[in-house]
Amino acid sequence: AQTVTQSQPEMSVQEAETVTLSCTYDTSESDYYLFWYKQPPSRQMILVIRQEAYKQQNATENRFSVNFQKAAKSFSLKISDSQLGDAAMYFCAYSAQNRGSRLTFGEGTQLTVNP
Amino acid sequence: KAGVTQTPRYLIKTRGQQVTLSCSPISGHRSVSWYQQTPGQGLQFLFEYFSETQRNKGNFPGRFSGRQFSNSRSEMNVSTLELGDSALYLCASKPLAGAQDTQYFGPGTRLTVL
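Heads up: these notes are all about the structure in this document. All of these numbers come straight from a predicted model, not from anything done at the bench.

### Here we look at the interface of chain A and chain B
Then, number 1: Chain A puts 19 residues into the contact, and the matching count from chain B is 23 residues.
Then, number 2: Roughly 1,800 Å² is buried in total at the junction of chain A and chain B, and carbon and sulfur atoms are behind 50% of that figure.
Then, number 3: The interface formed by chain A and chain B holds zero salt bridges in total.
Then, number 4: At the junction of chain A with chain B, the criterion picks out seven residue pairs in polar contact (both at pLDDT 80 or more).
Then, number 5: For the side of chain A that touches chain B, the secondary structure elements donating two or more residues are β5 (32-39), β6 (46-52), β10 (88-96) and β11 (98-101) of chain A.
Then, number 6: Sorting elements by how many residues they give to the side of chain A that touches chain B places β5(A) first, with four residues.

Here's what the structure looks like:
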């Protein structure tokens, strides 16, 4: 079964610093997609970044970038120049064509940004 | 474009009752998925609808059901509510049914079962 694991329940970072959130996944599929979502206190899930497994290049979106290691089945999120508004629960998620389009989520990492 | 909307935002029910939650997807999106979020179990997939047909179903009892209308709006129904059904129910929409499409989430419906 496909599983997603986030081993850091909580992380903290100083404003303007860089933080990396870890995610590993287990799959036998070759065609899949990985996502990072953030869920602030409002509970609205917001897409941060996505990565197609067939792409070797790591995805970037402004201050957010990923380190996608396909062989190691690792998908970490790096947040640069952290801002107070980045404080949220971050979820790593996986979907695969052969499993329909359901998202399988990790347990989440609660990120605190200290001023 | 307006985002995914869910109604109601909050609900309080008692055990044994049934409840219906509604989700309106982003305009043009034809796929709607439902997820349950609880502190103990995290985020779990309930089911997905596309073009009024259920495409996928998660591992939930038959008390959980859903449907989709011709305008892509979706409803989720839970019958014979149990205390453990207290959760945040999230709806997500995307243009088509493929795994490559990003799912966009609504604000959720907070269900409390007393």
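### Quick word on the pairing of strand β6 (residues 53-57) of chain B
Residues and elements named next belong to chain B.
Then, number 1: Where strand β5 (residues 42-50) lies against β6, four bridges are found, and the strand directions are antiparallel. The residue of β6 that forms the bridge with Glu48 is Asn56.
Then, number 2: Counting the residues that bridge the hairpin from β5 to β6 gives two residues, and of these Ser51 lies at a positive phi of roughly 50°.

Reading the values: the criteria
- Residues numbered from 1 in each chain as written.
- Chains lettered and ligands numbered in written order.
- Predicted model: local features only at pLDDT ≥ 70, side-chain atom pairs only at ≥ 80, totals over all residues.
- Heavy atoms only, no water.
- Contact = heavy atoms within 4.5 Å.
- Buried area = accessible area lost by both parts, 1.4 Å probe.
- Salt bridge = Lys/Arg side-chain N within 4 Å of Asp/Glu carboxyl O.
- Polar contact = N/O pair within 3.5 Å; in protein donor to acceptor, adjacent residues only side chain to side chain.
- Helix = DSSP H or I, 4+ residues; strand = E, 2+ residues; numbered from the N terminus.
- Pairing = 2+ DSSP bridges.

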